[in-house]
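Commentary on secondary and tertiary structure
Each chain, written out:
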Amino acid sequence: MMRPSAAPLGEQLAILILGPPVMAALIWLMSRGWAHTVQGEVVSDRTKHRQKMEFWIVLVVMYVLGFGMVLYAWLT
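We now turn to the structure provided with this report. (Residues numbered from 1 in each chain as written. Predicted model: local features only at pLDDT ≥ 70, side-chain atom pairs only at ≥ 80, totals over all residues. Heavy atoms only, no water.)

Attention now goes to the overall build of the chain. Of regular secondary structure, the chain possesses two helices and zero strands. At 17 Å, the chain has a C-alpha radius of gyration far larger than the 11 Å of a compact globule built from 76 residues. For the chain, the spread of C-alpha atoms along the three principal axes comes to 50 × 25 × 20 Å. Taken across its 76 residues, the chain has 16% of its residues classed as buried. As displayed, the chain has an accessible area near 6500 Å², and 74% of this comes from carbon and sulfur atoms. (Helix = DSSP H or I, 4+ residues; strand = E, 2+ residues; numbered from the N terminus. Rg over C-alpha atoms; globule rule 2.2 N^0.38 Å. Buried < 20%, exposed > 50% of the residue type's maximum accessible area, 1.4 Å probe, protein only. Areas by Shrake-Rupley, 256 points an atom, 1.4 Å probe, with all protein chains shown as cover.)

In structure tokens, the structure reads:
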């Protein structure tokens, strides 16, 4: 059985740079859709503000995790 190798460096960088914004945007879209389902056509300003904060929190956490994985891979 062959062990899978790492992706090429260009793909790794693309995943590290583009992955977190794409994932944060998907989470934002899902939460926005859920808010429209629950609250109807008019989503409250409080919900919009919370979703905006959640987007930035998820984005930062995803970048921290990504750079943490890079650091771990570099140190081991």
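Next comes the rest of the write-up.
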